[in-house]
Amino acid sequence: MPPSASFRAEEMSKKLDPKKLLTDLRAGRIPKKDLYSVIHTLGHEDYLEAKADVEQFLTHPNSELRYIALNVLTFHWMCDEHRTTCEQFLLHDRDSDNRRMGVAGLGALMERTKDPKTLSLLLRVFRNKKEEWDVRDVAYQSILYVLGRPASEQPSSARLLDYAKDVNWDRIREAETIVHTVKAKTEASRRVPGSRERQRRT
């Protein structure tokens, strides 16, 4: 049995020991081909002691390791401070799967907030015809999450969305209204002399 197979048989057994996995990870004893599984296991086991170690993989040259690191930090551990990380992924990562994870992670972290900055970014991705279809589809799903829509409104993720049939354009307009309203208020406050000073005092 090859060493890596032996490792998987021993470490990825039914009785996982996340503490030992983290010790082996820090000592460099994890074979490269098993790093993805180990990071996922640490997330699944809710072993937050490994947070700083997982974060190191966010900038790893291997796109799959960046993917699973962000997946663990957002979906498993719901680390709110990685909102900005999600934004960086969706805007700048070269791998479309990682951009999709950034979009999905942002939707998860900002669920039900109706946050205008988040909605603005997601709308930008959704309307970008140069982006991969699955990234745009997840952007639509994330918009619904941020708006706080029920799960019954979520389209199936098993196929390409038909924008004429599967997209509720009223929700898109709702998101756009939130973004435009906040933008208009901000611009109006800039035009009124002393408005910023009054805002600071209130």
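In this text, all values refer to a predicted model and were calculated from it rather than measured experimentally.

Rules and cut-offs
Residues numbered from 1 in each chain as written. Predicted model: local features only at pLDDT ≥ 70, side-chain atom pairs only at ≥ 80, totals over all residues. Heavy atoms only, no water. Helix = DSSP H or I, 4+ residues; strand = E, 2+ residues; numbered from the N terminus. Buried < 20%, exposed > 50% of the residue type's maximum accessible area, 1.4 Å probe, protein only. Contact = heavy atoms within 4.5 Å. Phe/Tyr/Trp six-rings, centres within 6.5 Å; stacked < 30°, edge-to-face > 60°. Core = buried A, V, L, I, M, F, W, Y, C linked by side-chain atoms within 4.5 Å. pLDDT = per-residue confidence, 0-100. Expected span 1.5 Å × (residues − 1). Polar contact = N/O pair within 3.5 Å; in protein donor to acceptor, adjacent residues only side chain to side chain. Axes fitted to C-alpha atoms, helices over the stretch in contact; angles between N-to-C directions. Parallel < 35°, antiparallel > 145°, perpendicular 65-115°, else oblique. Left-handed = near helix turned anticlockwise from the far one by under 90°. Nonpolar A, V, L, I, M, F, W, Y, C, P; charged D, E, K, R; others polar.

1. Concerning the overall build of the protein
Then step 1. Each helix and strand counted, the protein has 11 helices and zero strands in total.
Then step 2. Per-residue burial over the protein gives 44% buried out of 202 residues.
Then step 3. Sequence-distant contacts in the protein: of pairs separated by 6 or more residues, those separated by 24 or more amount to 61%.

2. Looking at the packing of aromatic side chains
Then step 1. Throughout the structure, instances matching the rule amount to four aromatic pairs.
Then step 2. Taking the centre distance of 5.9 Å and the plane angle of 35 degrees together, the rings of Phe126 and Tyr140 count as tilted. Of the two residues, Phe126 is situated in helix H8 (residues 116-126) and Tyr140 in helix H9 (residues 133-147); the sequence distance between them amounts to 14 residues.
Then step 3. Under the relative-accessibility criterion, Phe126 is labelled buried at 1%.
Then step 4. Between Tyr163 and Trp169, the ring centres sit 6.5 Å apart and the planes meet at 70 degrees, which makes this aromatic pair edge-to-face.

3. Some details on the nonpolar core
Then step 1. Residues Leu42, Val54, Val103, Leu119 and Ile143 are the most contacted members of the largest nonpolar core, which totals 51 residues.
Then step 2. At eight residues, the largest contribution of residues to this core is made by H9.
Then step 3. Discounting chain neighbours no more than four positions away, the residues touching Val54 are Ile39, Ala69, Val72, Leu73 and Trp77.

4. Focus on the confidence of the model for the protein
Then step 1. With 87% of its residues at a pLDDT of at least 70, the protein reaches an overall mean of 90.
Then step 2. Scored below 50 in pLDDT, residues 1-7 makes 11 contacts in the model with residues more than four places away or belonging to other chains.

5. Re the environment of Ile178
Then step 1. With respect to the helices, strands and loops of the structure, Ile178 is situated in helix H10 (residues 169-191).
Then step 2. Under the relative-accessibility criterion, Ile178 is labelled buried at 18%.
Then step 3. For the pair Ile178 and Leu147, spaced 31 residues apart in the sequence, the C-alpha separation amounts to 9.7 Å.
Then step 4. Excluding its chain neighbours within four sequence positions, the residues that come into contact with Ile178 are Lys114, Pro116, Leu119 and Leu147.

6. Topic: helix H7 (residues 96-109)
Then step 1. Between its first and last C-alpha atoms H7 spans 20 Å; for 14 residues at 1.5 Å apiece the expected length is 20 Å, and the two agree.
Then step 2. Of all the 14 residues making up H7, 11 are buried; the element is thus mostly covered by neighbouring parts of the structure.
Then step 3. Structurally, H7 contributes buried residues whose contacts are with helix H5 (63-76), helix H6 (83-92), H8 and H9.
Then step 4. The N-cap of H7, judged by a side-chain oxygen 2.8 Å from the amide nitrogen of Asp97 a few residues on, is Asp95.

7. What to know about the packing of H6 against H7
Then step 1. Where H6 contacts H7, the two axes come as close as 7 Å, and the packing angle between them is 150 degrees. Relative to H7, the element H6 is oriented roughly antiparallel. Here the hand of the crossing between H6 and H7 comes out left-handed. Across the interface between the two elements, Arg83, Cys86, Glu87, Phe89 and Leu90 from H6 touch Asn98, Arg99, Gly102, Val103, Gly105, Leu106 and Leu109 from H7.
Then step 2. The residue inventory of the contact of H6 with H7, partitioned by class, reads six nonpolar, three polar and three charged.

8. Describing unusual backbone geometry
Then step 1. Even without being glycine, Met78 reaches a positive phi, approximately 50 degrees.
Then step 2. Relative to the elements of secondary structure, Met78 occurs in the loop between H5 and H6.
Then step 3. Of the residues examined, Met78 reaches a relative accessible area of 39% and is grouped as partly exposed.
Then step 4. Notably, Arg112 is not glycine yet its phi reads approximately 65 degrees, a positive angle.
Then step 5. Tracing the backbone through its elements, the reader meets Arg112 in the loop between H7 and H8.

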